[in-house]
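Geometric and topological summary
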Amino acid sequence: MDTAVMEDYLKTIYECEREDGPPVGTSAIADVLSVTAPTATRMLEKLAEEDLIEREKYSGVELTDHGRAIAIETIRHHRLLEAYLVEHLDYEWEEVHDEAERLEHHISEDFEERIAQELDHPPVDPHGEPIPNADLEAPAETDVDPLSACREGDTVVVASVRERDAETLRYLEAEGIVPGRELTIADITPVGTYILECACDSRQLPESTAERIYVRSAGAGEDALSEEVPGL
């Protein structure tokens, strides 16, 4: 079995479980990985044979403990690489995802630890996403919601940005919609456009982008993670 492909599937299942809970449907996995449903089904059968997932026909799949550990390790590699690329190689936050995708499958545990030490063990990556620790414990889920779940008049702080489209990320950075920034939802138009007040200026976001920005209540206290985003 191709290790890189296996890790991509396990990581995808982990992220889908994180957002929507298990079980994860084959079509959802295929959509994320841009493969056909039959291709995804064949790979899921192999993962089940290796005891990396539990698979129930017509229901979906769920990671086993072994599969979850591999997924978390791959995510740790990815997010540390993103942080390193921004901090030391002057990459922009919209560039690092694809680069880390290519590298995450090929670094050793020693190299991973050296990166972590060089960066002084950062808690989050450049997009505000938590970096799993060396013990491969799943990052604690903080009290965050997508911006699209908020209401007009809410004041929130950006916790993380799960958008990966480069053009959208460039726009968000230019508009100051980055982890740690306080926003007030001034209006939500009938077509789903979010009008945001940020540092006395107005910004607009479509609902599809608001769904990928995770926020916490501004009254919930400042979380240290949002203040230590590499490169921002």
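If you're wondering where the values come from, they're calculated on a predicted model, not measured in any experiment.

1. A look at the pairing of strand β1 (residues 53-56)
Pairing of β1 with strand β2 (residues 60-63), which is carried by 4 bridges, proceeds in the antiparallel orientation. Its bridge partner being in β2, I53 is matched across the sheet by L63. Where β1 folds back onto β2 in an antiparallel hairpin, the turn is made up of 3 residues, including Y58, whose phi is positive at roughly 70°.

2. Remarks on helix α7 (residues 166-174)
Looking only at α7, the buried set comprises T168, L169 and L172. Projected down its long axis, α7 carries its buried residues within an arc of 100°, all on one side. Exposed positions of α7 whose direction lies more than 90 degrees from the buried face are E167 and A174. Along its buried surface, α7 packs onto β4 (155-161), β7 (201-205), α8 (207-210) and β8 (213-217).

3. Observations concerning the side chain of E129
Note on placement: E129 falls in the loop between α6 (109-118) and β3 (145-146). In terms of polar contacts, E129 uses its side chain to reach the side chain of S160, at 3.1 Å. If near-sequence neighbours (up to four positions away) are discounted, E129 is found in contact with R18, R79, P123, V124, S160, R162 and R164.

4. So, unusual backbone geometry
A negative phi angle characterises most non-glycine residues, just as the trans form characterises most peptide bonds. Here P22 and P23 are connected by a cis peptide whose omega angle stands at -5°. Tracing the chain through its elements places P23 in the loop between α1 (3-20) and α2 (26-33). For D90, which is not glycine, the phi torsion reads 60° and is therefore positive. Looking at the secondary structure, you find D90 in the loop between α4 (65-89) and α5 (96-103). Positive phi, normally seen in glycine, also occurs at L136, with a value near 60°. Position of L136 relative to the elements: it lies in the loop between α6 and β3.

5. Let's talk about the packing of aromatic side chains
In this structure the tally under the stated criterion is 0 aromatic pairs. One residue, R162, lies across the ring of Y214, its end atom 3.6 Å from the ring centre.

6. Observations regarding the pattern of salt bridges
Using the criterion set out here, one finds 19 salt bridges in the structure. Notably, a salt bridge pairs R212 with E19, separated by 3.5 Å at the nearest N-O pair. Linking R212 in the loop between α8 and β8 with E19 in helix α1, this pair joins segments that are 193 residues apart in sequence. Its relative accessible area of 26% is what places R212 among the partly exposed residues.

7. Considering the confidence of the model for the chain
For residues with low pLDDT, the predicted coordinates do not support detailed interpretation. Looking at the chain, the pLDDT average stands at 92 and 94% of residues meet or exceed 70. The element-level mean pLDDT for the chain is lowest in β7, coming to 91, with α4 highest at 97. When the criterion is pLDDT under 50, residues 223-227 qualifies, and its contacts beyond four places in sequence or with other chains add up to 9 contacts.

8. Points about the nonpolar core
Side chains of a nonpolar character, in soluble globular proteins, are inclined to be buried together. Of all hydrophobic cores here, the largest spans 21 residues; its most connected members are L10, I13, L44, L47 and I53. It is α1 that provides the largest number of residues to this core, a total of 6 residues. Apart from the residues within four sequence positions on either side, I53 is in contact with L10, I13, L44, L47, A48, V61, E62, L63 and T64. Judged by nonpolar contacts, the second largest core, of 19 residues, contains W93, C150, V156 and L205.

9. Describing the packing of α4 against α5
It is at 9 Å that the axes of α4 and α5 come closest, and there the two elements cross at 130°. Viewed along their axes, α4 and α5 adopt a mutual orientation that is oblique. Handedness of the α4/α5 crossing: right-handed. Contacts between α4 and α5 involve H78, L81, E82, L85 and V86 from the first element and V96, H97, E99, A100, E101 and L103 from the second. Class assignment for the residues of the contact of α4 with α5 results in 6 nonpolar, 2 polar and 3 charged.

Reading guide: rules and limits
Residues numbered from 1 in each chain as written. Predicted model: local features only at pLDDT ≥ 70, side-chain atom pairs only at ≥ 80, totals over all residues. Heavy atoms only, no water. Pairing = 2+ DSSP bridges. Helix = DSSP H or I, 4+ residues; strand = E, 2+ residues; numbered from the N terminus. Buried < 20%, exposed > 50% of the residue type's maximum accessible area, 1.4 Å probe, protein only. Arc of directions from axis to C-beta. Contact = heavy atoms within 4.5 Å. Polar contact = N/O pair within 3.5 Å; in protein donor to acceptor, adjacent residues only side chain to side chain. Phe/Tyr/Trp six-rings, centres within 6.5 Å; stacked < 30°, edge-to-face > 60°. Lys NZ or Arg CZ within 6 Å of the ring centre and 35° of its normal. Salt bridge = Lys/Arg side-chain N within 4 Å of Asp/Glu carboxyl O. pLDDT = per-residue confidence, 0-100. Core = buried A, V, L, I, M, F, W, Y, C linked by side-chain atoms within 4.5 Å. Axes fitted to C-alpha atoms, helices over the stretch in contact; angles between N-to-C directions. Parallel < 35°, antiparallel > 145°, perpendicular 65-115°, else oblique. Left-handed = near helix turned anticlockwise from the far one by under 90°. Nonpolar A, V, L, I, M, F, W, Y, C, P; charged D, E, K, R; others polar.

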